[in-house]
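Here is how the chains run, residue by residue.
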Amino acid sequence: MIVKNATFIQSVTDWHKCPEGNLPEYAFIGRSNVGKSSLINMLVNNKSLAKTSSKPGKTQTINHFLINKNWYLVDLPGYGYASISKAMRAKWQKMINDYFRLRENLQVVFVLIDSRLEPQKIDLEFIENLGEMQIPFALIFTKADKLSANKVQGNVQRFKNKLYENWEELPYIMVSSAENGLGKDKILDFIEQLNLQYQENTNNQNTSV
């Protein structure tokens, strides 16, 4: 897939206020400082579309971007912020969980994992929560340019091993770098494949009516 245009649509704090759910939608989320905004900007060829910041917690809303006029990319607040209050953390969690459970056109949640780190409890718990809600997800390991390829693969394998403790089947897994574009084509091709499936299912529903 080639991204020809990417347009910011809106930021909301309630899933009810999201755009009309008539296009396939893909959400991106990760732990604080995982490089989410940089990855999004790399995917859409726009260095300033998603706001990057060295200060954790920059994203505080559900942010919709219309890509190629036929699918939505959604930038969600991260998880694991130690610096925010319990009340704010609970508010964000409810907002995100409501979005996950009730947004019917959501196709996949991309969970971003820092490839430089050993498996983190907070990431594993977040993934377990998605599983309990039966939300489709894929994993993107970020910042792969910061380590050697062997070390990245080693950390990815350790994460897989932890998942195998509770999961019989692993999600789709990709490795990326916002610095050198690693993983860009693989992520966009994955989305394009799901877009085709979405369109086929929509056509079938319309035919059967």
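Here, every reference points to the structure presented above.
Below is a summary of the structure that appears in this document. Each chain carries its own residue numbering, running from 1 in the direction its sequence is written. For this predicted model, a pLDDT threshold of at least 70 governs which residues receive local features, and a threshold of 80 or more governs which side-chain atom pairs are given and counted, while totals over whole chains, interfaces and linings are taken from all residues. Hydrogen atoms and water are omitted, and side-chain values are computed over all heavy atoms in the structure.

This next bit is on the environment of Phe141. The numbering of helices and of strands both runs from the N terminus, where a helix is a DSSP run of H or I of at least 4 residues and a strand a run of E of at least 2. Looking at the element boundaries, Phe141 is found in strand β6 (residues 137-142). Residue classification places Phe141 among the buried residues on the basis of a relative accessible area of 2%. Sequence-wise, Phe141 and Ile173 are 32 residues apart; in three dimensions their C-alpha atoms are separated by 7.7 Å. What makes two residues a contact is simply this: any of their non-hydrogen atoms within 4.5 Å. The contact partners of Phe141, leaving out residues within four places of it in the chain, are Ile113, Ser115, Val156, Phe159, Ile173, Met174, Val175 and Ser176. Only protein chains enter the accessibility calculation, which uses a 1.4 Å probe. A residue is then buried if its area is under 20% of the maximum for its type, exposed if over 50%, and partly exposed in between.

Among buried residues, the Ala, Val, Leu, Ile, Met, Phe, Trp, Tyr and Cys ones that are joined through side-chain atoms within 4.5 Å form a nonpolar core. Formed by 34 residues in total, the largest nonpolar core has its most connected members in Phe100, Val109 and Val111. Counting residues per element, this core draws most heavily on helix α3 (residues 121-133), which supplies five residues. Judged by nonpolar contacts, the second largest core, of 27 residues, contains Val3, Met42, Phe110 and Ile191.

A word on the packing of α3 against helix α4 (residues 149-164). All axes are obtained by fitting lines to C-alpha atoms, using only the stretch in contact for helices, and the reported angles, taken between N-to-C directions, cover 0 to 180 degrees. It is the contact of α3 with α4, at a shortest axis distance of 11 Å, that shows an interaxial angle of 45°. On the basis of their axis angle, the class for α3 and α4 is oblique. Relative to α4, α3 is oriented so that their crossing is right-handed. Judged by residue contacts, Asp123, Leu124 and Ile127 of α3 engage Phe159, Lys162 and Leu163 from α4. Only Asp, Glu, Lys and Arg are considered charged, only Ala, Val, Leu, Ile, Met, Phe, Trp, Tyr, Cys and Pro nonpolar, and every remaining residue, Gly among them, polar. Classifying every residue of the contact of α3 with α4 gives four nonpolar, no polar and two charged. Note that the term roughly parallel is reserved for angles under 35 degrees, roughly antiparallel for angles over 145, roughly perpendicular for angles of 65 to 115, and oblique for everything else. In this scheme, a crossing is called left-handed if the near helix is turned counterclockwise away from the far one by less than a right angle; it is called right-handed if the turn is clockwise.

What follows concerns the packing of aromatic side chains. Any pair of Phe, Tyr and Trp rings, taking the six-membered ring for Trp, is counted once the centres come within 6.5 Å. Such a pair is stacked with planes under 30 degrees apart, edge-to-face with planes over 60 apart, and tilted for the rest. What the rule picks out here adds up to eleven aromatic pairs. Relative to Trp71, the ring of Tyr26 has its centre 5.6 Å away and its plane inclined at 85°; by these criteria the two rings are edge-to-face. Placement of the pair is Tyr26 in strand β2 (residues 25-30) and Trp71 in strand β4 (residues 71-75), with a sequence separation of 45 residues. When sorted by exposure, Tyr26 lands in the same class as Trp71, which is buried. With a centroid separation of 6.3 Å and an interplanar angle of 70°, the aromatic rings of Phe100 and Phe126 are classed as edge-to-face. A residue pair is termed long-range when its members are at least 10 positions apart, and Phe100 in helix α2 (residues 86-102) and Phe126 in helix α3 qualify at 26 residues. Each member of the pair, Phe100 together with Phe126, is buried. Here a set of aromatic residues connected by ring pairs shows up, and it is made of Tyr26, Phe28, Trp71, Phe110, Tyr172 and Phe190.

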